[in-house]
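Residue-level structure breakdown
Spelled out from the first residue to the last, the chains are:
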Amino acid sequence: MSDNKEMPKAYESAEVEKKWYPLWEERKYFHGNPDSGKKPYSIVIPPPNITGILTLGHVLNNTLQDILARWHRMLGHEVSWFPGTDHAGIATESRVERYLKEKENTGREELGREEFMRRVWEWREKYGGTIIRQLRRLGSSCDWERERFTLDEGLSDAVRKVFVSLYEKGYIYRGRRMINWCPVSKTALSDEEVIYKEVKGKFYHYKYPLSDGSGHLVIATTRPETMLGDSAVAVHPEDPRYKHLIGKTVNLPLTGRKIPIIGDEHADPAKGTGCVKITPAHDPNDFEVGTRARLEFINIMNKDATMNERAGQDYAGLDRYECRKKVLHDLEAAGLMVQVEDIIHNVGYSERGDVPIETLVSEQWFVKMDELAKPAIEAVRSGDIKFYPDRWAKTYFHWMENIKDWCISRQIWWGHRIPAWYNDTTGEIYVGMEGPKDGGPWRQEEDVLDTWFSSWLWPFSIMGWPKETAELKFFYPTCDLVTGPDIIFFWVARMIMAGYEFTGELPFKNVYFTSIIRDDLGRKLSKSLGNSPDPLDVIDTYGADALRFSIIYIAPVGMDIRYSNDKCEIGRNFANKLWNACRFRQMQGPTTAGFRELSGIDQSKLTPDEKWMLFKLDEVIVMANTALKEYRFHFAVHEIYEVVWSTFCDWFIESSKIGLRQGGEAKAQAIAVLDFVLFKILRLLHPFMPFITEELAHQMGFLGDDQTIMYESFPLPLSEKRLQCIMDKNVELLNMVDGKFQLIRSGRALKVNYNIPAGKKASYYIKAFSPANESFLKSEMESVKFLLNADEVIVSQEDYNAADGAAPSQMSNTGMIYLPLKGLIDVDAELKKLNEQKRQIEGWIKGSESKLNNKSFVDKAPENVVREAQAHCEELKQKLVRVNELIISLS
RNA sequence: GGGCGUAUAGCUCAGUUGGCUAGAGCGCUACGUUGACAUCGUAGAGGUCACAGGUUCAAGUCCUGUUACGCCCACCA
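Right, let's walk through the structure included here. (Residues numbered from 1 in each chain as written. Chains lettered and ligands numbered in written order. Predicted model: local features only at pLDDT ≥ 70, side-chain atom pairs only at ≥ 80, totals over all residues. Heavy atoms only, no water.)

Observations regarding the environment of glycine 435
Relative to the helices and strands, glycine 435 resides in the loop between β19 (429–431) and β20 (442–444). Under the relative-accessibility criterion, glycine 435 is labelled partly exposed at 22%. In this structure, the C-alpha to C-alpha distance between glycine 435 and glutamate 642, residues 207 residues apart in sequence, is 64 Å. (Helix = DSSP H or I, 4+ residues; strand = E, 2+ residues; numbered from the N terminus. Buried < 20%, exposed > 50% of the residue type's maximum accessible area, 1.4 Å probe, protein only.)

Overview of the protein's contact with RNA strand B
Neighbouring residues of RNA strand B: 58 residues in total, closest Lys271, Val276, Asn285, Arg632 and Lys860. Among all atoms of RNA strand B positioned within 4 Å of the protein, those belonging to sugar or phosphate total 57%. Aspartate 268 is positioned such that a nitrogen or oxygen atom in its backbone is 3.1 Å from a base nitrogen of RNA strand B. Between RNA strand B and arginine 583, the relevant distance is 2.6 Å, taken from a sugar or linking oxygen to a side-chain nitrogen or oxygen of the residue. Elements represented by at least two residues in the surface near RNA strand B include exactly β8 (216–221), β12 (275–278), α10 (392–401), α17 (568–586), α19 (633–662), α23 (732–753), α27 (855–860) and α28 (863–890). Considering only residue class, the surface near RNA strand B consists of 26 nonpolar, 13 polar and 19 charged. (Near = heavy atom within 4 Å. Polar contact = N/O pair within 3.5 Å; in protein donor to acceptor, adjacent residues only side chain to side chain. Nonpolar A, V, L, I, M, F, W, Y, C, P; charged D, E, K, R; others polar.)

Description of the side chain of threonine 478
Structurally, threonine 478 can be placed in strand β22 (residues 478–483). Engagement of the side chain of threonine 478 in a polar contact is seen with the backbone oxygen of proline 507, the distance being 2.7 Å. Once residues lying within four places of it in the same chain are set aside, the contact partners of threonine 478 are Ser42, Ile43, Val44, Met463, Pro507, Phe508 and Lys509. (Contact = heavy atoms within 4.5 Å.)

Thoughts on the nonpolar core
The nonpolar side chains of soluble globular proteins are, as a tendency, buried together. Ranked by size, the top nonpolar core spans 223 residues in total, and within it Phe387, Phe453, Trp456 and Phe648 carry the most contacts. Contact partners of tryptophan 456, with chain neighbours within four places excluded, come to Val162, Leu166, Met369, Leu372, Trp406, Trp491, Arg494, Met495, Ala498 and Phe502. Of all hydrophobic cores here, the second largest spans 30 residues; its members include Tyr242, Ile300, Met301 and Ala305. (Core = buried A, V, L, I, M, F, W, Y, C linked by side-chain atoms within 4.5 Å.)

Remarks on α28
End to end, α28 covers 41 Å across 28 residues, agreeing with the expected 40 Å (1.5 Å per residue, within 8%). At its buried positions, α28 is contacted by β26 (762–768), β28 (809–811), β29 (815–818), α26 (827–853) and α27. (Expected span 1.5 Å × (residues − 1).)

Observations regarding the state of the cysteines
Applying the stated criterion across every chain, the model contains zero disulfides. Sulfur of cysteine 182: no disulfide; nearest cysteine sulfur belongs to cysteine 407 and is 13 Å away. Cysteine 142 supplies the cysteine sulfur nearest to cysteine 479, a cysteine that is in no disulfide, at a spacing of 16 Å. Exposure remark for cysteine 479: the relative accessible area of 12% places this residue in the buried category. (Disulfide = S-S within 2.5 Å.)

Function cannot be inferred from these measures alone, as they are strictly geometric.
Have a look at this one:
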C-alpha cells in the first residue's frame, strides 16, 4: 500500500480535493440508509436561496454541519445530512424580472402569469444550482440523493396540506388589516421582513384651520403627504387646551374636505402640539383610532407608492416623495406652515426592496400564532430543545410570548399559490388540496404564500411528509440544527411550532447559532461594500481544508468573527505542517501493522518520550470529544492544533529521530509509535479537514484503495486502566519528561544569547535538583544530547565548578543548565541578568510568604491550595539560594 | 424605552464551578537552510485584564455602578 514514493514537499490542495470528492460521492459514502440498524444522526441544511452564491456565512455554517456529520459518521452513527434549496419568492422573482428586463426587455406584466413562471423555472434550471455545486467544493458531505427544493411536488403537497389543516382549525383567516407593503416588490410583507433604519428626517408643523373660523390647530408630522388621507384630528379627551373643540371640525387644507376633531387617548398631550392628524388607512395607530371612532379609511396610494385619485387631482400620479414636496409647497403657499424641525427617526425598510415600506390597509391571509406558540415555548423552557449559546433562548421567549399573527400572502407569482378558491356568484370561499370540482364559477386566489411558509416545514417536508416515509420514521426528529441567529424568528421559532403542530414532535434537539462574519474592520460583509471575499477564490488559493480550519480557528464562541483572507494562512500552514510530518514518517519506511492498536510493541519498552506523547495524545482526544459534545468547535480545533504542532512535531518527531537513526528494533518501535499517533491525529482531524486527512491516510498506507477515513472510528480516550498500563503507573514520568524539555529549551536559549550558531555542537553541564532527576537525565542522555545538539552533557547533583571557567546558566524546575564558555562569558551581563532574576524571585517569595503568614488564608483556603502554596514557596527559596550561589561564583 | 452581548499583548482572541508568576495565533526583534516542513526552526520583547466601588483568605473570573462599542425588540402623530 505504502509505495514509498516520495511525497511532494508542500501540500497541494487542489489536486487532492479534485480527486476525493467525486470518489466519495460516487461511492455513496454520504448516503444515510434508514434500514441500517445503526443509531440515526440527521441534520437538515438551512436551505440557501436559489439566487444565492456561496458566501463566507455559508462556509462557516456548512463547515460546522459537516464537522457534525463527519464526526457522527465516525462515531458509527447512520448519518444523513439533508440538503436543498429555497425558492425565495420575492428575491428570486425580482432577480428574474431584472434578468428578463436586461436580456429581453420584457417583464412580468407583458408575459403573464403562466409564461413568467415558465421563465423563472427556466432561470432556476440554468442558474439556480450554483450554490449547491459550490458546497461540494467545501467538502460538505451532504446526502445528495435526498436533495430537495421547496417548490418540489412533494414539498408543495406538504404546504397545501398544512394550509388546509390550519384553515380548518380556524388558525388561518383572511382579513382586512394594516400590513407592511413594499412598493418595489409590490407585495405585502410580514413584520419580520421590515428592518428599521435610523435616518435623518424632518418634522413638519402646520395649521389646520377650524371650520368655524375661530382659529386653527397645529399638527406635526414627518409624513405631510399622508394628510391627503386624513379623516380626523385627535386630541386627548381630557386635554384642557382642546377638550372644548371635540365635535367641531377643521378644514383639511388642500382637499376641501371637513374632518372632525375627535377625542382619543391615543393623542398624547405631552407630545408635539397635542393634536394628532389621523390617517386610518396609512398608519397602524391611526388604524386603531379610526376603527374605534368609525372614521373613513381613505387609501390614497397605489401599489407602487404613487398617489391615486383619492389624493386629489393635483396629486394623483405623483410619487410619494414628489407628492410630499408638492404638499409642502402648497401648504407654504397657503401660509399654513409653522416650522420645520430636523430629526433622526426610525423608518421601516423593506428587507428585499431596500426602500421605506408603506403601512396600509389591505385584504390578506394571516395565521393566528398564539396557540401554535405554546408547545414551542414549552419545548425550549423544558430543555427538550437546547440552544447553543443558550442566551438565545431569551430572545426566543421574548418574541414567542408576544407573537403576532403572521401575514402569509404575497402579491407575487413565484411561490406556492394559496389553495383557496372564490365563488364570485355566491361569495363562498373554498379551501382544499385541490380546487372544487362542482363546475361552479370558481376562481383561485392569485396570491402565493410567504416563502417561510414552506421553510417552516423543512425538517419533515424534506423527508417526504405527509407520506410516512422510511426517512421520516428513521431520521426524524433531526438532531442538530446549525443556523444564524438572524433567522431565529423567521425560521427557527416557526419550525419548532410547525414540528409540534404537524408531527407532534420537536423538529430538532439542539440548535447551534453561528457567529456573524465581519471583515477585519468589523463591518458586515456585503456585496455593496465589496468586502465579501468569494470563498471559491479562497479555496483555490489556500485549499478547502485550510479555509474550513481557519474559519473555525478564528471563530470566537458566540461572538462575531473578524475575517480576512490572510487568516487562512493559519489553516494552510497547518495543513502543510501535517503534510510534512507525514512526509517525514513516510521517508522512514513502509507502514507497520500496529497503526491501529499499537500491537506488536512491548509496552514496557516504550521510551519516556513515547509514553509522554501517548499521554498527551490521549489528553487531546478527551478534550476533542468533550468539546464537540458541547459544540465548542473553536476549542477543539485549538487543542488539536497545539498538540499536532507543538507536542507532536516540535518535540516528539524530533525525539523519535534518535530511535530512527539507531535502526533495528529501536527504529521499528519508533515507526510503530509514529504510525499509531499519526493515524489517530488524522482521524481526529478528519471532521475538520476532510480532504488532507483522507489523502494522508492513504498516502501513509493506513487505508487501502477501497477504504475511507470517513468510516474509520473517531479516536476515543483510552480507559483509565490502559492509560495506567502505558504510563507504567508512573505519573511522575510525565513531569520528568516535561522537565527534560524545559532544560533543553533553556540550553538552547543559552546558545542563542551567546550567539552560538545552533548548528555548532556545544558542551553543557546540568545540575539536577534531585537524585531521581539525575538518574532520569542520565538515562536520557542520548536524547538530551541530540535535542541540545551537544557533543557532551555532564549531569550531576554537584554544583558546577567555577574553576572550570565561568559559565552562563539558566534554571528550570528540575535543574540548572550551564554553558561553559571557557572565558568567552560576558560576566557583567550575566551578573546583571542574575541580579534581575534575584530581585524577581525575592518579590515572589515576599508575596508568597505574606500569603502564607496570613492566618485567614491558612485557615480558610482548602488544604491542597495551602499545601501547594507552601511547596511553591519552598521551591522559590531554593531557587533564590541557587541564584545567590551563582552570583557569588561569578563575582 | 426594554433586553442581550462585548471590553485581556500592536491586532484577532483563549482563560468553564474564584486558587501557582494571565496564555495562543498573527505581527514585531535577533539568529538560523543541522536530511519532514522558510507555508519552517530557535530564542526574545510586549499586558496596572475598560473604569470605580464591593464580597472573599484570595477577583481577569462573582456582585453593584460608570463609560465605550455592537446587536435585538418596542416606540416615535
